[in-house]
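Summary of structural features
Read off the chains here:
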Amino acid sequence: MANQSAPIQEVSRLLDLVPFLSTHSHISLKELSAEFGISEKAMANELTALSMCGLPGYTPYELIEVFFDSGFVSINNHEALDIPRALSQLEVASLLIGLEILRDACQDREPSLVDKIDQLVEQMKNLLGGSIEVDSNEATVFRATIESAIAGRQSLNLQYLSPLKDEVSTRKVDPLSLQSERGHLYLVAFCHAAQAIRHFRLDRIIEMTTAGPSTTTTPDFADQEGALTKVGIRVMGEKRSIAESLGLSEIPVDGHLGLEVFSLQWISKAVIAHGPQIELLTPENLRGNIKDAAENILALYSS
Amino acid sequence: MGSSVVPYQDSMQLVREVLWAGDNAIVLAPDSLREQVIDSLKKVVAIHG
């Protein structure tokens, strides 16, 4: 038992004493000392210090009244410090959200933790004085399944929304890794249908189930068409809307920027859709492809 | 290939949507919108030629 405390511990204890005494009026000095783990003498000193505390003004009317001469402790005029020193509601809410997300992520990988998290969440909800419901992003749930599948070399069946084709496709994939790119999380996987590496944005995965052990030998990632490709573009139009359309945070003043894209088809469509507002500078062969594609569409208008 | 009538307010936005569809969609009418699409495509060809 420490008779002397560091100043910060002493202040913390003083702040804790007020709410405790407000609900344990006339507790004996001995019990109170034991509760806070200090000697009776140290507690008497701290109670004396507490009697010097109160609201600004510091007249006897504003100070906390502490009585302990009889060996039993009580306080008055303590309302300003009645709230237990604890997390603020915002802090509790933040922790709750984090725990709910953690629970979803643990469901498949660490089921033993789920009960413990649930208990903690229930306790914290009481602190908040109300309920908080967290609808965790599907991507969070899928992430746990993907990580588990990668670790266990399992295949996955996906229902995936392709915005390019505006269709939902069902694919069997062998997951390789998770990659974060411009604020989105991607599953990098060997797609059985395409027989190539593909990138799947997690928030576009509609459904995911495990599909047994992976049976394919995955080709080298770097050789695959679905790998990141560097392209250079020049934006000549209204930068804000184009940045939004391309998922960029900003476009430099001169309009020149380099992008790393997963799909050459996507960047080609984006360039054509924006007409004269975007020029693709590199790679050169893609410039030719874009020109050809635009001419093919133009031909449809002349027939 | 089928045809459908699409209401729109922002012609630029609709041109962009049609061009996103590539050779899967063309504007049949009105002529003004067709011209906008054609003009946009010609500029893409010129820029990337």
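As shown above, the structure is provided for reference.
The text that follows walks through the structure, step by step, so that each part is easy to find.

Considering the environment of Ile267 of chain A
Topologically, Ile267 of chain A is positioned in helix 8 (residues 264–273). When residues no more than four places from it in sequence are discounted, the contact partners of Ile267 of chain A are Val231, Leu259, Val261, Leu280 and Leu286 of chain A.

Digging into the side chain of Ser40 of chain B
Examined against the element boundaries, Ser40 of chain B turns out to sit in helix 2 (residues 31–48). Ignoring anything within four residues of it in the chain, the contact list for Ser40 of chain B reads Gly275 and Pro276 of chain A together with Leu19 of chain B.

Notes on the sheet that holds strand 9 (residues 229–235) of chain A
All names here are of chain A. Read from one edge to the other, the open sheet built from 3 strands follows the order 10-9-11, with strand pairing classed as antiparallel. With one partner strand each, in any of the chains shown, strand 10 (256–261) and strand 11 (278–282) form the two edges of the open sheet. Within this sheet the neighbouring strands show an average axis-to-axis angle of 35°, counted without direction. Both strand 9 and strand 10 contribute to a ladder of 6 bridges, which runs antiparallel. Bridging across to strand 10, Ile233 finds its partner in Leu257.

Considering the interface of chain B and chain A
Residue-level contacts link 22 residues of chain B with 24 residues of chain A. Contact between chain B and chain A buries roughly 2,200 Å² in total, counting both sides, with carbon and sulfur atoms accounting for 72%. Counting across the chain B and chain A interface gives 5 residue pairs in polar contact (both at pLDDT 80 or more). Of all the secondary structure elements, the ones that give two or more residues to the side of chain B that touches chain A are helix 1 (11–20) and helix 2 of chain B. Per-element tally for the side of chain B that touches chain A: the top contributor is helix 2 of chain B, with 11 residues. Along the lines of polarity and charge, the residues of the side of chain B that touches chain A split into 13 nonpolar, 4 polar and 5 charged.

Quick notes on the packing of aromatic side chains
All names here are of chain A. Summed over the entire model, instances satisfying the criterion amount to 2 aromatic pairs over all chains. Summarising the aromatic geometry, the rings of Phe20 and Phe36 are spaced 5.4 Å apart at their centres and angled 90° between planes, so their arrangement reads as edge-to-face. Of this pair, Phe20 sits in helix 1 (residues 7–23) while Phe36 sits in helix 2 (residues 29–36); the two residues are 16 residues apart in sequence, bridging distant segments of the chain. The exposure classification of Phe20 matches that of Phe36, with both residues buried. Ring geometry for Tyr160 against Phe200: centres 5.0 Å apart, planes inclined by 85°, an arrangement best described as edge-to-face. Of this pair, Tyr160 sits in strand 4 (residues 154–162) while Phe200 sits in strand 7 (residues 196–201); the two residues are 40 residues apart in sequence, bridging distant segments of the chain. This pair shows no difference in class: Tyr160 is buried, exactly as Phe200 is.

Concerning the pattern of salt bridges
All names here are of chain A. Taken as a whole and assessed by the stated rule, the structure comprises 8 salt bridges over all chains. One salt bridge connects Arg143 with Glu147, and the closest N-O pair in it is separated by 3.3 Å. A residue pair is termed a helical-turn pair when its members lie 3 or 4 positions apart in one helix, as Arg143 and Glu147 do in helix 6 (residues 138–152) at 4 residues. Put simply, Arg234 and Glu279 hold a salt bridge, and the shortest N to O gap is 2.9 Å.

Conventions and cut-offs
Residues numbered from 1 in each chain as written. Chains lettered and ligands numbered in written order. Predicted model: local features only at pLDDT ≥ 70, side-chain atom pairs only at ≥ 80, totals over all residues. Heavy atoms only, no water. Helix = DSSP H or I, 4+ residues; strand = E, 2+ residues; numbered from the N terminus. Contact = heavy atoms within 4.5 Å. Pairing = 2+ DSSP bridges. Axes fitted to C-alpha atoms, helices over the stretch in contact; angles between N-to-C directions. Buried area = accessible area lost by both parts, 1.4 Å probe. Polar contact = N/O pair within 3.5 Å; in protein donor to acceptor, adjacent residues only side chain to side chain. Nonpolar A, V, L, I, M, F, W, Y, C, P; charged D, E, K, R; others polar. Phe/Tyr/Trp six-rings, centres within 6.5 Å; stacked < 30°, edge-to-face > 60°. Buried < 20%, exposed > 50% of the residue type's maximum accessible area, 1.4 Å probe, protein only. Salt bridge = Lys/Arg side-chain N within 4 Å of Asp/Glu carboxyl O.

Taken by themselves, the reported measurements are silent on function.
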